[in-house]
Amino acid sequence: MIDLADESTGKWPAVRASIEFSAVATPEAEVRNGSFCRELCLLFDRLQEGFDCLGWEEKARCGLDKVAFVISLQIDRENRKIVLDKLFKYADIDLHLFTELLEILQRHFPNCDLVVPSLQGYELAREIRRFLGAAVVECVFLKGDTEEQLLMGHALQDLSFEGILKDTQRHYEERGGVEKKRQKQGRGWELPMYWRGREGEDAVLWMQVRIALSRQVI
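Please read all numbers here as calculations on a predicted model, not as lab measurements.

A. Representation of the pairing of strand 6 (residues 148–152). Here strand 5 (residues 136–143) runs beside strand 6; their pairing, made up of 5 bridges, is antiparallel. Across the sheet, the residue bridging to valine 140 is leucine 151, located in strand 6. Linking two consecutive strands that pair antiparallel, namely strand 5 and strand 6, is a turn of 4 residues.

B. Region of the structure containing the pairing of strand 7 (residues 193–197). Alignment of strand 7 against strand 8 (residues 200–212), held across 5 bridges, turns out to be antiparallel. Its bridge partner lying in strand 8, arginine 196 is registered against glutamate 201. Taking the residues that link successive antiparallel strands as the turn, the strand 7-strand 8 hairpin has 2 residues.

C. Structural view of the pattern of salt bridges. Summed over the entire model, instances satisfying the criterion amount to 11 salt bridges. Linking arginine 196 and glutamate 201 is a salt bridge whose minimum nitrogen-to-oxygen distance equals 3.1 Å. Its relative accessible area of 26% is what places glutamate 201 among the partly exposed residues.

D. Structural view of the packing of helix 1 (residues 27–52) against helix 3 (residues 97–108). For the pair helix 1 and helix 3, the least separation of the axes is 10 Å and the interaxial angle reads 165°. One element, helix 1, and the other, helix 3, form an angle in the roughly antiparallel class. Considering only the axes of helix 1 and helix 3, their crossing is right-handed. Residues Arg32, Ser35, Phe36, Glu39, Leu40, Leu43, Arg46 and Leu47 of helix 1 form the contact with helix 3, whose participating residues are Leu97, Glu100, Leu101, Ile104, Leu105, Arg107 and His108.

E. Looking closely at helix 4 (residues 122–132). Among the residues of helix 4, those classed as buried are Tyr122, Leu124, Ala125, Glu127, Ile128 and Leu132. Trailing helix 4 by a residue or two, glycine 133 shows a phi angle of about 105°, which is positive.

F. Seen up close, the nonpolar core. Among the nonpolar cores identified, the biggest contains 67 residues, and Phe36, Leu73, Leu114, Leu119, Phe161 and Met207 are the most heavily contacted of them. Residue contributions to this core peak at 7 residues, all from helix 1.

G. Focus on the packing of helix 4 against helix 5 (residues 161–173). Closest axis-to-axis distance for the helix 4/helix 5 pair is 11 Å, and the angle between their directions is 130°. When the axis of helix 4 is compared with that of helix 5, the two are oblique. Viewed along their axes, helix 4 and helix 5 form a crossing whose handedness is left-handed. In this structure, helix 4 uses Tyr122, Ala125, Arg126, Ile128 and Arg129 to contact helix 5, whose residues at the interface are Phe161, Glu162, Leu165, Thr168, Gln169 and Tyr172. Residue classes in the contact of helix 4 with helix 5 are distributed as 6 nonpolar, 2 polar and 3 charged.

Criteria and cut-off values
Position numbers for residues count from 1 along each chain, tracking the sequence in the order it is written. In keeping with the predicted nature of the model, local features appear solely for residues at pLDDT of at least 70, side-chain atom pairs appear and are counted solely at 80 or more, and the whole-chain, interface and lining totals rest on all residues. By convention in this description, side-chain values take in all heavy atoms of the structure and omit both hydrogens and water. Here, strands pair whenever DSSP counts at least two bridges between them. Under the scheme used here, helices are H or I runs from DSSP no shorter than 4 residues and strands are E runs no shorter than 2 residues, and both carry numbers assigned from the N terminus. The term salt bridge refers to a side-chain nitrogen of Lys or Arg lying within 4 Å of a carboxyl oxygen of Asp or Glu. Relative accessibility decides the category of a residue: with a 1.4 Å probe and only protein chains considered, values under 20% of the type maximum give buried, values over 50% give exposed, and everything between is partly exposed. Here, axes are lines fitted to C-alpha atoms. For helices the fit covers the stretch in contact, and angles between N-to-C directions go from 0 to 180 degrees. Our angle categories are set so that under 35 degrees counts as roughly parallel, over 145 as roughly antiparallel, 65 to 115 as roughly perpendicular, and the remainder as oblique. Crossing handedness follows the turn of the near helix against the far one: under a right angle anticlockwise gives a left-handed crossing, and clockwise gives a right-handed one. Contacts are assigned to residue pairs that have any heavy atoms within 4.5 Å of one another. For our purposes a nonpolar core is just a set of buried Ala, Val, Leu, Ile, Met, Phe, Trp, Tyr and Cys residues, chained together by side-chain atoms within 4.5 Å. Ten residues, namely Ala, Val, Leu, Ile, Met, Phe, Trp, Tyr, Cys and Pro, are considered nonpolar, four, namely Asp, Glu, Lys and Arg, are considered charged, and the remaining ones, Gly among them, are considered polar.

So, in structure tokens, the structure goes:
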């Protein structure tokens, strides 16, 4: 694992990022990985510059250690997948974090799938839909009024990524809109998603989704 934002360096104190490469470290792989990491470092430079320009009140909202951006990736070239474990942006700077990261991933890993193993936030789900299209739901953990259940395989036949986004949008529209919920909930918290099944509405605690990085929304 490579910690590109090691706090001991002091170069990007507002960024906490870790990158794990699963493939064997051949000389060719080292060159490719190095090129990828250099692009990430340029992104971190921009993130830190944006954070440094913020006022003290905005910086104070970022929480412990003034960490404003969190990125965690697992790169598995052999199995052609990029696992996005974490992606958080707590500071209000003029930079679209998911878009910037996605462009880098598509340049270096065009034949890989993007896998988000514990997708919780509605906003990140909408970003995936906007830039890549509808992802495949591989499993989902739901919470109803009386029970929690993990659905996978055949149990997912009545459930889809698009359906969850539509049900979530309807949930918030019936309660005053997404912006009202965001203001009430506060920064740093994920906006939960919902699914309306035959038995009523369930909260989506998390779901694992997969989509090809080569996908383009038309």
